[in-house]
Amino acid sequence: MTDYYALLGIPRKLDLSMDILQQRYYELSRELHPDRFMRKPAEEQQRALEMSSALNDAYRTLKDPLKRAMYVLAQEGFDIGEQRSKDVPPELLEEVFELNMALEEMRGGDDSARPQLVQAEKSFTNMLAEVDTQIQTLFVQYDASQSRDALAQLRTTLNRRKYIQNLVAEVERTLAAGHESPATSH
Amino acid sequence: MEIDFASSDHIVGIDLGTTNSLVAFMDLTGPRIIPGADGSQLVPSVVSVAPDGGIVVGNPAREMLLTHPERTVYSVKRLMGRGLEDVQQELKLFPFRIAPGSESVIQLELGERTFTPPEISALVLRQLKQNAEEYFGVPVSKAVVTVPAYFNDAQRQATKDAGRIAGLEVLRLVNEPTAASLAYGLDKRENGIIAVYDLGGGTFDISILKLHDGIFEVLATNGDTHLGGDDIDNLLLRIALEDVASEWGEDLSKDSEGVQRMRRAVIHAKEHLSFVPAASIDLEYRGKKYQREITRELFDKLITPIVDRTLGPCRDCIKDAGVSVDQIDEVVMVGGSTRIPLVRSAVENLFRAVPHTELNPDEVVALGAAVQAAILSGAVENKLLLDVTPLSLGIETMGGVVSKLIHRNSTIPASATEVFTTGVDGQTNVLIHVVQGERELVKDNRSLARFDLKGIDPMQAGMARIEVRFLIDANGILSVTARDQRTGKEHTVEVKPSYGLTDEQVEKMIQESFEKAEADFAARQVREQRVEADAILSAVEKARHHDAYFEMTDEERTAIDRAVNELLLVYNAEDHLLIAEKIEQVNQATLKLAENMMNTAVRGALKGTKI
């Protein structure tokens, strides 16, 4: 498979300038898009289709910091399988335990858990912002050092982010469902 | 704009609409609509089979909707690329006559013949093709055709099939809102974000685009392929028919002619309500009269639920585009239904901006298609559309769960690769079920096709490694290729589309349409000559009561009688040239009569004037 960075002709960095990325993408789109090959032989049209789909796939991956990080990790031989996001990061064990209790109560129709959940949603959303800052720092570190250690840390941090994001989504879902069918117990 | 039109071989842009269709092209002065022989820009997307078996398309077919409703079909776009089970709702609201045996592909009955939706659309396309050919004086065989942005793969494929059946090579399917943005030329602003709100006869689309120096990048799109002006018509129609039931004590809903006349009356009222504060639904039918006044206020109240249905997709689209309402610089209105004041104010409220309505909302999509045609021909070099796929593409996995491969709003062309293996020792084929949609379970999504990977070498379960590539092209249409990772050998992939026509069926239709085209064309020419004959015969009969007729010599009168008789003799012949010849004879024989009548008219007019 074509290397996304090579295809876009940009330096292989995790901390990417969005302006340069977009500029390169637009330039190459003008060259490679199938629209430009309508009057060319069938093989050239087919090649344009392949190239522009690869270009779009590359841009879609690289413009999103998380997808970009996963892409680089995969290329560097790291396992990016989904299953690992299920493991609870040890430092979150206690909070997650309490949160799950509250979620259970809420789902059981006990609306008194609502304030706790709203609070938890806030705290986990803040945590998400912190994690994003850490990820950005690791991006810069890796670009400077090219160290596998930075990548390994990035891998762990991405797992943690995914885990927290799932928690936030779960809380939001439960709170929304609670709104739709208010508890009848009181 | 650098334009080189010398090399372009007339690629036309076509808006194949639910209610009306148009064909346009681009020259040095910009895009413009090609009118039909009758001078009208719009060709109603209505097809009728005349009692003599001839095909009638457009305005005359729209008239036949009143006289021969059971031989006429409209709004067929609602059925494109769909299966019988998912059009049940439409069948309650539209007088589609489904032929028996429509399980795999819908067949519509028109008189004695049956047609699939792509064949009906092909007839409309053929009319547009013909209009363009008459305009240019040369054959036209290539087109850009627009589709609702929210059309799925099957609906797109059905549209492409319609083009092939009509003898048109569809170089590109362009999403309607995107085409409209091209026509608006909003790229004059260096950078900006625009929203295109497109509410047509039967479909609703919302697209948000980023403009950058001639590049039109679609950020997100959303919509509803079964929401439009038709729904408003049906709402008013139901009310009017209920009124009639209580006022006349008659159930008009079973009377297809009565329904079509009432439908036209409500459309008339609806259209007026866009410009005046009150309008009335008027129907005179079989000696009875119905009238009901509708105020704008009541109309707005009635259609609010329909207009509201467009707002959810708008909000989702803004979210998916990753922009805030404040970042949207301009809003463009497309589709006839955006003339409705309530629609305009709803859009204005949501986007907090006055929408663009400068271009005719019926024409803007066709004009944009013509611009895209000029891009493909190379005549326009500085513009480029980067569109997206409206729906996620996934495959069925264990337990009927969908695994998404290409997410919605991915820029197309887009691709994804997945490796498959066998589950049983010695297994030689793998079946892949591809679906489109956003839901978790296969059953809640749209089944697109089943791909059968064949010719896998028998080996232990799990040993085979078949790399399958899913590619959505610039038309938004999926293709699948497979390769054995160990041998590098390409695998054959047999496609079983869940809905729509197989390649063989399309081929057969193309064949038949060429065979029938000649017969259809001849029948049409005969019919046109008969219309001419009717006109001249009735004019002659009228003239016989005129003073000028009595001023003629016996000889001259006999010549007229003879010519008229000869025309009557050939009137029913299936030879348009013969009829034309006899019409000409009557013309010649009555030249002097016509002249005298003119003179009498002038004399009459002068009589009252003092000189």
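Nothing here was measured: the structure is a model prediction, and the numbers come from that model. Residue positions are counted from 1 within each chain, in the order its sequence is given. Here chains are named by letter from A upward and ligands by number from 1 upward, in the order in which they appear as written. Residue-level local features of this predicted model are given only where pLDDT is at least 70; pairs of side-chain atoms are given and counted only at 80 or more, and the full residue set underlies all totals for whole chains, interfaces and linings.

Participant: Would you mind going over the overall build of chain B with me for this structure?
Facilitator: Along its length, chain B carries 15 helices and 27 strands. If one aligns the C-alpha atoms of chain B with their principal axes, the spans along those axes are about 100 × 60 × 55 Å. A burial count over chain B gives 44% of its 611 residues as buried. Here the contacts in chain B between residues at least 6 apart in sequence split such that 67% fall between residues at least 24 apart. Per the convention used, a helix needs a DSSP run of H or I reaching at least four residues, while a strand needs a run of E reaching at least two, with both numbered from the N terminus. Counting other C-beta atoms within 10 Å of a residue's C-beta gives its exposure: the residue is buried at 20 or more, exposed at 12 or fewer, and partly exposed in between, where C-beta atoms are placed from the backbone. Here the contact rule is simple: place C-beta atoms from the backbone, and any two residues whose C-beta atoms are within 7 Å are in contact.

Participant: Hey, could you run me through the overall build of chain A in this one?
Facilitator: Scanning chain A for helices and strands turns up seven helices and zero strands. We take the radius of gyration over the C-alpha atoms and set the globule estimate at 2.2 Å times the residue count to the 0.38 power. Taken over the C-alpha trace, chain A has a radius of gyration of 22 Å; the compact-globule value for 186 residues is 16 Å, which it surpasses by more than 25%. With the C-alpha coordinates aligned to their principal axes, the bounding extent of chain A is approximately 75 × 40 × 30 Å. Per-residue burial over chain A gives 24% buried out of 186 residues. Sequence-distant contacts, at least 24 apart, represent 62% of the contacts inside chain A between residues at least 6 apart.

Participant: Explanation requested: the pairing of strand E19 (residues 393-397) of chain B in the structure shown.
Facilitator: The two faces of a sheet get side chains in turn, since along a regular strand they alternate between them. Residues and elements named next belong to chain B. Among the five residues of E19, four are classified as buried, and the element is accordingly described as predominantly covered. Strands are labelled as partners when DSSP assigns at least two bridges between them. A loop of three residues connects E19 with strand E20 (residues 401-406), the two strands running antiparallel in sequence, and glycine 399 in this loop sits at a positive phi of about 75°. With three bridges connecting them, E19 and strand E22 (residues 430-436) associate as antiparallel partners. Of the residues in E22, the one forming a bridge with leucine 393 is glutamine 436.

Participant: What exactly am I supposed to notice about the sheet that holds strand E24 (residues 466-472) of chain B here?
Facilitator: Sheet strands associate in pairs through backbone hydrogen bonding, adopting either a parallel or an antiparallel arrangement. Read from one edge to the other, the open sheet built from four strands follows the order E21-E24-E25-E26 (chain B), with strand pairing classed as antiparallel. Each edge of the sheet is formed by a strand with only one pairing partner; in this case those strands are strand E21 (414-420) and strand E26 (490-491) of chain B. Taken together, the two bridges between strand E25 (residues 478-484) of chain B and E26 of chain B define a ladder with antiparallel strand orientation. Bridge pairing links arginine 483 of chain B to glutamate 490 of chain B in E26 of chain B. Packed onto the sheet, helix H3 (residues 42-63) of chain A meets E21 and E24 of chain B and runs at close to 90° relative to E21 of chain B. In this analysis an axis means a line fitted to C-alpha atoms, helices contributing only their contacting stretch, and an angle means the value between N-to-C directions, from 0 to 180 degrees.

Participant: Teacher, can you tell me more about the interface of chain A and chain B here?
Facilitator: Counting residues at the interface gives 14 residues for chain A and 16 residues for chain B. Counting residues per element, the ones that place at least two in the side of chain A that touches chain B are helix H2 (18-32) and H3 of chain A. Considering every element that reaches the side of chain A that touches chain B, the biggest residue donor is H3 of chain A, with six residues.

Participant: What am I meant to see in the confidence of the model for chain B here?
Facilitator: In low-pLDDT regions, the fine details of the predicted coordinates are not to be read closely. All names here are of chain B. Taken residue by residue, chain B gives an average pLDDT of 88. The fraction at 70 or more is 94%. Contacts for the low-pLDDT stretch residues 1-8, under 50 throughout, to residues beyond four places or in other chains number 15 contacts. Interface predicted TM-score (ipTM) for the complex: 0.85; the corresponding pTM is 0.82. Each residue carries a pLDDT score, the predictor's own confidence in it, on a scale running from 0 to 100.

Participant: Please explain the packing of helix H3 (residues 117-136) of chain B against helix H4 (residues 153-165) of chain B as it appears in this structure.
Facilitator: Axis angle and axis distance: for two packed helices, these are the angle between their axes and the distance between the axes, and together they describe the pair. All names here are of chain B. Close contact between H3 and H4 brings their axes to 8 Å; oriented N to C, the two are set at 55°. What the angle tells us is that H3 and H4 run oblique. Crossing handedness for the pair H3 and H4: right-handed. When H3 is examined against H4, the residues Pro117, Pro118, Glu119, Ser121, Ala122 and Leu125 are found in contact with a partner set consisting of Ala158, Asp161, Ala162, Gly163 and Ile165. Residue composition of the contact of H3 with H4, grouped by class: seven nonpolar, two polar and two charged. If an angle is under 35 degrees, it is roughly parallel; if it is over 145, roughly antiparallel; if it lies from 65 to 115, roughly perpendicular; otherwise it is oblique. Throughout, a crossing is termed right-handed when the near helix is turned clockwise from the far one, and left-handed when it is turned anticlockwise from it by less than a right angle. All amino acids are sorted into three groups, where Ala, Val, Leu, Ile, Met, Phe, Trp, Tyr, Cys and Pro are nonpolar, Asp, Glu, Lys and Arg are charged, and the leftover types, Gly among them, are polar.

Participant: In this structure, what is going on with the domain arrangement of chain B? I would like to understand it.
Facilitator: Put simply, an interface is often sized by how much accessible area is lost when its parts join up. Here the domain parsing of chain B yields domain 1 (12-227 + 303-386), domain 2 (229-302), domain 3 (393-500) and domain 4 (505-607). Just so you know, the domain bounds were taken from an automatic or database domain assignment. Each of domain 2 of chain B and domain 4 of chain B was reduced to a C-alpha centroid, and the two centroids are 39 Å apart.

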